[in-house]
Amino acid sequence: MATQVIMPKLSPTMEEGQLSRWLKKEGDKVSMGEPLAEIDTDKATMEMQALGSGVLRKILIQEGESAPLGQLIAIIGEPDEDISALASQAPATPTTKSTAPEAAAEKPEAREATPASEPATTDKATDKGAGAATGNGRQESKPIEGAPAGRLIVSPLAARMAAESGIDLRSVSGTGPGGRIIKRDVEERIGQGKAAASAPESQAPTRHLRAVPDTPFQKSATAQASAYRDEPASEMRRTIAKRLVTSLGPVPHFFLTVEIEMDRAAEMRKRINDLDPELKISVNDIIIKVAAAALMQHPEVNASFQDKAVRYYEHADIGVAVAIEDGLITPIVRGADQKSLGEIAAEVRDLAERARNRKLRPEEYMGATFSVSNLGMFGIEEFTAIINPPEGAIMAVGAMSPKPVVRDNEITVRQMMRVTMSCDHRVIDGATGAKFLQTFKKILENPILLIV
């Protein structure tokens, strides 16, 4: 009996998934539990395993396309089994109807598609024919109006390749079904060495251009707004957007800033790394350790608001903001209050590397009790960060730099760093946050206190 392959729920916050890569192609044998595809969730790329054995008879969504949880995306069955009834359950979209012939012609190229984190250029058309965007967020062929025949049908991968190479798609002949421009057409055009970033003005598309009337500051007859393109947001970017609107608006933020002298912490880091270069302790590792120590002294900051209760955590699970290609993710150092600087440094390096490769498990980036976001390496001296609910606070760390300060009525130069803590006022009052920062500052300026 045929097995339906549906879009699985691979993380607690996942609402839809983007097919990054099929690990099998139509006609391949599949065993139960064998990796079948790679799915881009809101935070990571995860393998989807087959829940049945047989032959992969039909692929219903292609690489780079998205589908909501529970949608049928493929069918596994016996080689001679009738799957027409199951196939008819697939959503009736232009992609479902038209990709099957192209899949046969372009399948090797489809398997070379880049991960879904790289945008595929699409546009929402009002026309209901080929190329219209579907309601479930799936990416369809792109119609380009203003072309000689009124429209061009372009696969998302071909559109992205053309945009990156400066190819004018109106100069490309499509060899796909219905004249659709596919990957190999753009590759052939690139190989000819005739990339044209724009067509002659008389042929230029006018879809996104408008005339601007004369003004005292504009003497020409007309002016044209810049042309633009819309690229579908990745699963991660859409999740970030959803979570941010549930933070800064609903969560009552307030901000506390303190300036910290970092000379002793910097000297301690240098001495540790000189004694054991393999440890590779960073300033951020020290900040994480000190934040964990301060949280243990101020448990009311290591807390979160839970509608009808305030939840206090026994250990400091510190989220560490890591910038990746698609956005931001905060892998967690669990029990940072119980770990040494060396353990924290090694764990942060491992988590950051796997975060950039989208290989984190959900439990490794969900459920922090406090977060640290450090932009000091980019030369940012001071900033404020948005709380990641349900956490009660996040600390924004700026650059450490030499500044003149007054010590014992004399001007001297010290390594100074500014940190700003964003607090959820439902959990943390101003005095509570200030006391925490006093302790944080005291330990960071006197790191020997970490061993007391």
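Basis of the calculations
Residues numbered from 1 in each chain as written. Predicted model: local features only at pLDDT ≥ 70, side-chain atom pairs only at ≥ 80, totals over all residues. Heavy atoms only, no water. Helix = DSSP H or I, 4+ residues; strand = E, 2+ residues; numbered from the N terminus. Buried < 20%, exposed > 50% of the residue type's maximum accessible area, 1.4 Å probe, protein only. Contact = heavy atoms within 4.5 Å. Areas by Shrake-Rupley, 256 points an atom, 1.4 Å probe, with all protein chains shown as cover. Pairing = 2+ DSSP bridges. Axes fitted to C-alpha atoms, helices over the stretch in contact; angles between N-to-C directions. Core = buried A, V, L, I, M, F, W, Y, C linked by side-chain atoms within 4.5 Å. Expected span 1.5 Å × (residues − 1). Patch = residues over 30% accessible without salt bridge, like charges linked within 9 Å, V, L, I, M, F, W, Y side chains within 5 Å. Salt bridge = Lys/Arg side-chain N within 4 Å of Asp/Glu carboxyl O. Lys, Arg positive; Asp, Glu negative; His and termini not counted. Polar contact = N/O pair within 3.5 Å; in protein donor to acceptor, adjacent residues only side chain to side chain. Phe/Tyr/Trp six-rings, centres within 6.5 Å; stacked < 30°, edge-to-face > 60°. pLDDT = per-residue confidence, 0-100. Parallel < 35°, antiparallel > 145°, perpendicular 65-115°, else oblique. Left-handed = near helix turned anticlockwise from the far one by under 90°. Nonpolar A, V, L, I, M, F, W, Y, C, P; charged D, E, K, R; others polar.

A. A look at the overall build of the protein. Of the regular secondary structure elements, the protein holds 9 helices and 21 strands. Within the protein, the proportion of its 452 residues that are buried is 47%. In the protein, the share of contacts with a sequence separation of at least 24, taken over all contacts with a separation of at least 6, comes to 61%. For the protein, the exposed area adds up to about 22,700 Å²; of that, 53% sits on carbon and sulfur atoms.

B. Quick peek at the sheet that holds strand 4 (residues 35-40). Here we have 4 strands laid out as an open sheet, ordered 5-4-2-7, and antiparallel in their pairing. The open sheet is flanked by strand 5 (45-49) and strand 7 (66-68), the only strands paired with a single partner. Averaged over all pairs of adjacent strands, the angle between strand axes in this sheet comes to 40°, irrespective of strand direction. Pairing geometry for strand 2 (residues 16-22) and strand 7, over 3 bridges, is antiparallel. Bridging from a neighbouring strand, Gly 17 pairs with Ala 67 of strand 7. The strands that helix 5 (residues 235-245) touches are strand 2, strand 4 and strand 7; relative to strand 2, the one it contacts most, it runs at about 160°.

C. Region of interest: the nonpolar core. Within the largest apolar cluster, 53 residues are counted, with the highest numbers of intra-cluster contacts made by Phe 370, Val 419, Phe 436, Phe 440 and Leu 444. For this core, the element with the highest residue contribution is helix 7 (residues 283-297), accounting for 8 residues. Not counting the four nearest positions on each side in its chain, Phe 370 is found in contact with Ala 291, Leu 295, Val 301, Asn 302, Asp 317, Ile 318, Gly 319, Glu 391, Ala 393, Met 395, Met 421 and Phe 436. Grouped together as the second largest cluster of nonpolar side chains are 21 residues, Met 7, Leu 36, Ile 59 and Ala 67 included.

D. Seen up close, unusual backbone geometry. The residue after Pro 389, namely Pro 390, is reached through a cis peptide bond having omega 5°. Relative to the helices and strands, Pro 390 is located in the loop between strand 18 (370-374) and strand 19 (393-397). A positive phi angle, near 50°, is found at Lys 280, a position not held by glycine. Counting through the fold element by element, Lys 280 comes out in the loop between helix 6 (263-275) and helix 7. Lys 280 gets classed as exposed once you look at its relative accessible area, which sits at 53%.

E. Spotlight on helix 8 (residues 341-356). In a regular helix each residue adds 1.5 Å, so 16 residues correspond to 22 Å; helix 8 covers 22 Å between its end C-alpha atoms and thus fits that length. Within the span of helix 8, buried status applies to Leu 341, Ile 344, Ala 345, Val 348, Leu 351, Ala 352, Arg 354 and Ala 355. Next to the buried residues of helix 8 lie helix 6, helix 7, strand 15 (322-324), strand 16 (327-329) and strand 17 (332-333). Arg 358 lies just past helix 8 and shows a positive phi near 55°.

F. Region of the structure containing the sheet that holds strand 8 (residues 72-77). Taken in spatial order, the 4 strands line up as 1-8-6-3 in an open sheet, and their pairing is antiparallel. Of all strands in the sheet, those bounded by a partner on one side alone are strand 1 (3-6) and strand 3 (29-30). Relative to strand 8, strand 1 runs antiparallel, the two sharing 4 bridges. Paired with Gln 4 across the two strands is Ile 75, which belongs to strand 8.

G. Summary view of a nonpolar patch on the surface. Taken together, the side chains of Ile 448, Leu 449, Ile 451 and Val 452 make up a nonpolar region of the molecular surface, amounting to roughly 470 Å² of accessible area. In this structure, Val 452 sits in the segment after helix 9 (430-445).

H. Representation of the side chain of Lys 289. Following the sequence through the fold, Lys 289 ends up in helix 7. Of the buried charged residues, Lys 289 lacks a salt bridge, with Glu 343 as the closest side chain of opposite charge at 7.3 Å. Within the structure, Lys 289 has its side chain in polar contact with the backbone oxygen of Asp 337 (distance 3.5 Å). Residues within four places of Lys 289 in sequence aside, it is in contact with Ala 336, Asp 337, Lys 339, Leu 341, Ile 344 and Leu 450.

I. Representation of the packing of aromatic side chains. Enumeration according to the criterion identifies 2 aromatic pairs in this entry. Consider the rings of Phe 370 and Phe 436, whose centres lie 5.7 Å apart with planes at 50°: the pair is tilted. With Phe 370 in strand 18 and Phe 436 in helix 9, this residue pair connects regions lying 66 residues apart in the sequence. Using a relative accessible area of 0% as the deciding quantity, one classes Phe 370 as buried. When the ring of Phe 436 is compared with that of Phe 440, the centres are 6.4 Å apart and the planes differ by 20°; the resulting orientation is stacked.

J. Summary view of the confidence of the model for the protein. Here the protein shows a mean pLDDT of 79. Residues at 70 or above account for 77%. Contacts of residues 93-150 to residues separated by more than four positions or lying in other chains number 140 contacts, the stretch itself having pLDDT below 50. Every residue in residues 194-221 scores below 50 in pLDDT, and together they form 43 contacts with partners more than four places removed in sequence or on other chains.

K. Layout of the packing of helix 7 against helix 8. Between helix 7 and helix 8, whose axes approach to 9 Å, the crossing angle comes to 120°. Judged on the interaxial angle alone, helix 8 and helix 7 are oblique. In terms of crossing hand, the pair formed by helix 7 and helix 8 is right-handed. Side by side, helix 7 and helix 8 meet where Asp 285, Ile 286, Ile 288 and Lys 289 of the first sit next to Leu 341, Ile 344, Ala 345 and Val 348 of the second. Considered class by class, the residues forming the contact of helix 7 with helix 8 number 6 nonpolar, no polar and 2 charged.

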